[in-house]
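In case you want the letters, here they are:
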Amino acid sequence: MPEHTLYELSPSQQLSFLNRHWTLHKAIVNIATSITVHERLDPMLLAAAVRLAVLRWDSFGIRLVKEGKEYRQYFGERDCLYVEQREFTDADEMQRFFARRASRRIPLLESPQAGFVVFTTPDGSTGLFSVICHLIMDSWAISMFYRDVIDIYWALAQNDVLPKPPSDYEPVLVKELEYNRSARSDADRQFWEKAIGPSQPLFTSLKGSGVLESYRRFIRDPDARQCWTQHLLTKADHVVLKVSPEDVALFQAFLAARQISSMQALFALALRLYLAKVNGRAEDVTFSVNVARRATLAEKNSGGCRVQNLTLRLSMAEDLTFIEALELLLERQNQLFRHADYSSMELQFLPHRLFADQGSRPGTGYSDTLLTFQPVPMAVGHGLTCTTDWHCNGAFSLLSYLTIMDDDCSGGLRCYWERQVHHLPVAVIKDCHEYMLKVLRAGVADPSITLGELMSLG
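One structure accompanies this document, and this report is about it. Keep in mind that this is a model prediction, so the values were computed, not measured.

Counting 78 residues, the largest nonpolar core has W192, L206, F267, F287 and W417 as the members making the most contacts within it. Broken down by element, this core gets its largest block of residues, 13 residues, from helix α9 (residues 263-278). Setting aside anything within four residues of it in sequence, one finds L206 in contact with L271, Y274, L275, V278, D368, T369, L399, S400, W417, L424, V428 and C432. Core analysis: the second largest hydrophobic core is formed by 40 residues, A114, A141, I142 and V149 among them.

One pass over the full model with this rule turns up 26 salt bridges. In this structure, the salt-bridge partner of E8 is R181, at a minimum N-O distance of 2.8 Å. Residue E8 is found in strand β1 (residues 7-8), and its partner R181 is found in the loop between α5 (170-179) and α6 (183-196); the two are separated by 173 residues along the sequence. Note on E8: relative accessible area 31%, which makes it partly exposed. Here R100 makes a salt bridge to E93, at a shortest N to O gap of 3.2 Å. A relative accessible area of 28% places E93 in the partly exposed class. Bridged by salt links that share partners, the residues E176, R184, R293, E299, R306 and D341 form one connected network.

What counts, and where the lines are drawn
Residues numbered from 1 in each chain as written. Predicted model: local features only at pLDDT ≥ 70, side-chain atom pairs only at ≥ 80, totals over all residues. Heavy atoms only, no water. Core = buried A, V, L, I, M, F, W, Y, C linked by side-chain atoms within 4.5 Å. Buried < 20%, exposed > 50% of the residue type's maximum accessible area, 1.4 Å probe, protein only. Helix = DSSP H or I, 4+ residues; strand = E, 2+ residues; numbered from the N terminus. Contact = heavy atoms within 4.5 Å. Salt bridge = Lys/Arg side-chain N within 4 Å of Asp/Glu carboxyl O.

Listed below in structure tokens is the structure:
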């Protein structure tokens, strides 16, 4: 093997690696997505654009190696597992093909971590399907890569110069690893100790208070506040639900009138209200939110896995009004984002250290629900319109994961609910989705309505 600089895994990579290590479904770290352009493009030229784009992104050179008992990475030759071309005549068969590829394990050591399929749909549109390991890219990076592919395709088709190349991820990784050993990391740790503590949180499940009660009976501790959050059976699928353009316009008008820029806060509050409602109207509610951590130009324009999972603990009395609760959540959310660089691995295990004497241990936690809000429309330019899809890889490490995305420029939103099929019924997801929309409509119509009144809505 040529001489390369070996780097440790970043905290985000470590978390993905742990998910892969402790599941029977090794494809759990696959991100499978597709973009379909509503025109017939030249498939061979698009495949050539994919190959050129791979050479421009150093994330495709990341190779994992084992050094003793530890896993390391280096930046080597930029390559992918395959670039195939497929023409589909049946829409159902196309989706079955995507599902099979999404759930196929990618070799871990000394192997490229991505594969691509240029496809033609039954109606004659042209698309690109990819399976990319989360260890080398997150959804932000993948979206930027798709745009680069289309820009390259357009340049080739027009016999024009290639677009400006992306930034390298390697220096971004180096900077992140330096932060993890810095005084700023120590200061962020102190913030998170206070944010999660000082008292022990209360486990609040999407399935309701019965989950915690069952755990309490199992360990014979009626006052336990933690619960099992990890399961051996991690098989998952997607439930896709919509938010109408009319509702989105209603929410946007409310936010604009109050000069609030974060629609994520609205949906986070709605999810928090549902968790409180089904867990005995709990005041102390915890769930997780993802943050992209793409603030600088180098971070925005490079690959890599930068996404972090943050713990959002909110204690809210029932007499708080909707607008008061929203403002409190916004303040809390902004605080968390200012400390979002803190190691997600350390954050994952911080409660076990803080509350070990109260029963907290690896495998238990205070939330089984994760929220990501990324509604930026996927626009590829050049007068082209497109449809995007996120394909389930067949497994997920938590009970549920709500990702809210743009609904292909319709003005609405698309809610992807990833769920563990053995543990979370579809009916619970639909109940939560309907309730979230109901309380948001009520809250924006009357911001003085209290949380207690909202939780009493049917």
